[in-house]
Amino acid sequence: MTPAVRSLVAALGPGELPVYVYDLAALREHAAAVRAALPDGVELYYAAKANPEPEILTALAGLVCGYEVSSGGELAHVRKAVPGAPLAFGGPGKTADEIARAVGLDAVRVHVESEHELRLLAAETARQGQDVDVLLRVNLPLVDGTLGPVPLAMGGRPTAFGLDPAGIDACLALLASPECRRLRLCGIHAHLASGLDPTAQLAVAERLVDWTTRLAERHRIRLDEVNVGGGMAVDYTDPAARFDWTVFGTGLARILCRRPGLRLRIEPGRALTAYCGWYVTVVLDVKRSHGEEFAVVRGGTHHMRTPAARGHDQPFTVLPVETWPHPWPRPAVTTDTVTLAGQLCTPKDVLARRVPAAGLRAADRVVFAMAGAYAWNISHHSFLMHPRPGAQFLA
Ligand SMILES: *Cc1c(COP(=O)(O)O)cnc(C)c1O
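These numbers were taken from a predicted model, which means no experiment stands behind them. (Residues numbered from 1 in each chain as written. Predicted model: local features only at pLDDT ≥ 70, side-chain atom pairs only at ≥ 80, totals over all residues. Heavy atoms only, no water.)

Student: Is there a simple way to explain the site of the ligand in this structure?
Tutor: By nearness alone, 13 residues border the ligand, and Lys49, Gly231, Glu267, Arg270 and Tyr374 come closest of all. Measuring from an oxygen atom of the ligand, one finds a backbone N or O atom of Gly269 at 2.9 Å. The backbone of Arg270 places a nitrogen or oxygen atom 2.8 Å from an oxygen atom of the ligand. Contact with the protein chains covers 92% of the free accessible surface of the ligand, which is 390 Å². Counted by class, the shell around the ligand contains three nonpolar, six polar and four charged residues. (Near = heavy atom within 4 Å. Polar contact = N/O pair within 3.5 Å; in protein donor to acceptor, adjacent residues only side chain to side chain. Areas by Shrake-Rupley, 256 points an atom, 1.4 Å probe, with all protein chains shown as cover. Nonpolar A, V, L, I, M, F, W, Y, C, P; charged D, E, K, R; others polar.)

Student: Quick question: what am I supposed to make of the pattern of salt bridges here?
Tutor: A side chain with one charge can pair with a side chain of the opposite charge if their charged atoms come near. Using the criterion set out here, one finds 24 salt bridges in the structure. Note that Glu117 and Lys94 form a salt bridge whose closest N and O atoms lie 2.6 Å from each other. Remark: Lys94 occurs in the loop between strand E4 (87-89) and helix H5 (96-103) and Glu117 occurs in helix H6 (residues 115-128); sequence separation between them is 23 residues. Each member of the pair, Glu117 together with Lys94, is buried. Between Asp169 and Arg218 there is a salt bridge, with the nearest N and O atoms lying 3.5 Å from each other. Separated by 49 residues along the polypeptide, Asp169 in helix H7 (residues 168-175) and Arg218 in helix H8 (residues 198-219) bring together distant segments of the chain. Exposure remark for Asp169: the relative accessible area of 36% places this residue in the partly exposed category. (Salt bridge = Lys/Arg side-chain N within 4 Å of Asp/Glu carboxyl O. Helix = DSSP H or I, 4+ residues; strand = E, 2+ residues; numbered from the N terminus. Buried < 20%, exposed > 50% of the residue type's maximum accessible area, 1.4 Å probe, protein only.)

Student: Before we go on, may I ask you to explain the side chain of His191 in this structure?
Tutor: Of note, His191 is situated in the loop between strand E8 (183-189) and strand E9 (193-194). Separated by 3.0 Å, the side chain of His191 and the backbone nitrogen of Gly230 make a polar contact. In contact with His191, not counting residues within four places along its chain, are Arg137, Met154, Gly229, Gly230, Gly231 and Glu267. (Contact = heavy atoms within 4.5 Å.)

Student: Please clarify how the environment of Asp364 should be interpreted in this entry.
Tutor: For Asp364, the location among the structural elements is in the loop between strand E16 (350-356) and strand E17 (365-368). For Asp364, a relative accessible area of 2% gives the class buried. Separated by 259 residues in sequence, Asp364 and Leu105 have C-alpha atoms that sit 50 Å apart. If we skip the residues at most four places from it in the chain, Asp364 touches Thr281, Val282, Val283, Val318, Leu319, Pro320, Val321, Arg330 and Gly359.

Student: Is there a simple way to explain the UniProt feature "domain: Orn/DAP/Arg decarboxylase 2 C-terminal" (unreviewed entry) in the chain in this structure?
Tutor: When the UniProt feature table is mapped onto this chain numbering, "domain: Orn/DAP/Arg decarboxylase 2 C-terminal" (unreviewed entry) sits at residues 20-372. Taken end to end, residues 20-372 comprises 30% helix and 24% strand; its first and last C-alpha atoms sit 9 Å apart. (UniProt positions renumbered as here; feature names shortened; annotations may be inferred.)

Student: What exactly am I supposed to notice about the domain arrangement of the chain here?
Tutor: Think of interface size as the accessible area that goes away when the parts come together; that is how it is often given. Parsing the chain into structural domains produces domain 1 (86-268) and domain 2 (276-394). Centre-to-centre separation of domain 1 and domain 2, based on C-alpha positions: 38 Å. Every contact between the two is made by four residues of domain 1 and, on the other side, eight residues of domain 2. Buried surface at the junction of domain 1 and domain 2, both sides included, amounts to about 500 Å², of which 71% is carbon and sulfur. (Domains from an automatic or database assignment. Buried area = accessible area lost by both parts, 1.4 Å probe.)

Student: Honestly, the nonpolar core in this entry has me stumped. Any pointers?
Tutor: Side chains of nonpolar character tend, in soluble globular proteins, to be buried together. Counting residues in hydrophobic clusters, the biggest one holds 124 residues, and the most contacted among them are Tyr67, Trp245, Leu252, Leu264 and Ile266. At ten residues, the largest contribution of residues to this core is made by H8. Both of domain 1 (86-268) and domain 2 (276-394) provide at least three residues apiece to this core. Those residues in contact with Leu252 that lie beyond four places of it in its chain are Leu38, Pro39, Val42, Leu202, Ala205, Leu264 and Ile266. (Core = buried A, V, L, I, M, F, W, Y, C linked by side-chain atoms within 4.5 Å.)

Student: Would you mind showing me how to read the pairing of strand E15 (residues 337-341) here?
Tutor: Every other side chain in a regular strand lies on the same face of the sheet, so the side chains alternate between the two faces. Across the five residues of E15, four count as buried, placing the element largely inside the fold. Looking at chain direction, strand E13 (residues 292-297) and E15 are connected through three bridges and run parallel. From the neighbouring strand, Ala295 faces E15, where its bridge partner is Leu340. Where E15 and E16 come together, four bridges link them in antiparallel fashion. (Pairing = 2+ DSSP bridges.)

Student: Just to check I follow, could you spell out the packing of H8 against helix H9 (residues 245-258) for this structure?
Tutor: Two quantities define a packed helix pair, namely the angle between the axes and the distance from one axis to the other. Between H8 and H9, whose axes approach to 9 Å, the crossing angle comes to 15°. The orientation of H8 with respect to H9, classified from their angle, is roughly parallel. The element H8 and its partner H9 pack so that their crossing is right-handed. Here Pro198, Gln201, Leu202, Ala205, Glu206, Val209 and Asp210 of H8 come into contact with H9, specifically with Val247, Phe248, Gly251, Leu252, Ile255 and Arg258. The residue makeup of the contact of H8 with H9, split by class, is eight nonpolar, two polar and three charged. (Axes fitted to C-alpha atoms, helices over the stretch in contact; angles between N-to-C directions. Parallel < 35°, antiparallel > 145°, perpendicular 65-115°, else oblique. Left-handed = near helix turned anticlockwise from the far one by under 90°.)

Student: Can you help me understand the packing of aromatic side chains in this one?
Tutor: Each aromatic ring pair is summarised here by two numbers: the centre-to-centre distance and the angle between the ring planes. In this structure the tally under the stated criterion is ten aromatic pairs. Summarising the aromatic geometry, the rings of Phe243 and Phe248 are spaced 5.5 Å apart at their centres and angled 75° between planes, so their arrangement reads as edge-to-face. Assigned by exposure class, Phe243 and Phe248 land together as buried. Every member of this aromatic cluster is reached through a ring pair, and the members are Tyr20, Tyr22, Tyr279, Phe316, Phe368, Trp376 and Phe393. (Phe/Tyr/Trp six-rings, centres within 6.5 Å; stacked < 30°, edge-to-face > 60°.)

See below:
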């Protein structure tokens, strides 16, 4: 917890919990350090789906070169929150209407995910008389066992994302046809895996750049932009272990040295915002069940689905509260470990399982860390109709 968050949490009244607290100064400091670690020639985009709160998007303005959006909703939302910022519009299954809106905006690059989408885009640019920059999103088998464990693979296996390598030549032929005269092919996009360490990320980037170079040579075209995606590792078992942006930036500089004129782009989400958010709540009850102890906190996975979605224990700190308003004994953890569960009527509503929290008592506060990405916005808010958490943004 940053000092600013600690003092804010201490000052919150019980009626203000649960609450998400975001430290925007810490976010800006982190993003500036990431930016500083990247060489010239590498553009940093933020993948808005990790956390699209307008305050987060605005805090990153000026520190990132643009934003990656993956739906028409995100396109409109991000354009409104940070007017004028360049956008990269990706995602499978873009509707004709979403494509029409993207074509109508300035400074939007489209990441094309299929041949049909390319045709829709070409037709729309012709209709509106607008030129559009495009990157082809490819699903290449570049992530393999030599890179170490891959927590979540979007590419290199059958998925709904991007173009199969076998379909790329057809798209390039289409792009060279009069039908696509308003489309400017700028380069290649790939977002192949999530959770890669810097060495694995660099290996993927290098393979992607090599593949793109060969493709450009074979077709005698220029492909000056390579977007290597996001997926920089975030380790929830160790909040202090951060993705080494210096190693990554140094490696990207080496790649750029070999390919003058290349523009590399990265679009991390989680690794930018995960560390700037906390989900703060209070223990409602502590109970024993068949030999194990459970602390039931106010809220749960309908506010922060992250640990359920990923199957991890969300890291947390306990802030003891000494006042106990009732005349009866205060329920408290008596054994070595406890499971932190939420208020939902499902055994899946668990935020951390069999974790040490000696002496945790009802009415103590629990501050879950690393809740700044894929937390509130991926949760099923309406399930069971509990109240929504508050949100506080520390400037
Ligand atoms: C989700 C996503 C990202 C961001 O991934 P992180 O794991 O949050 O860094 C980047 N690019 C695309 C295309 C995505 O779908």
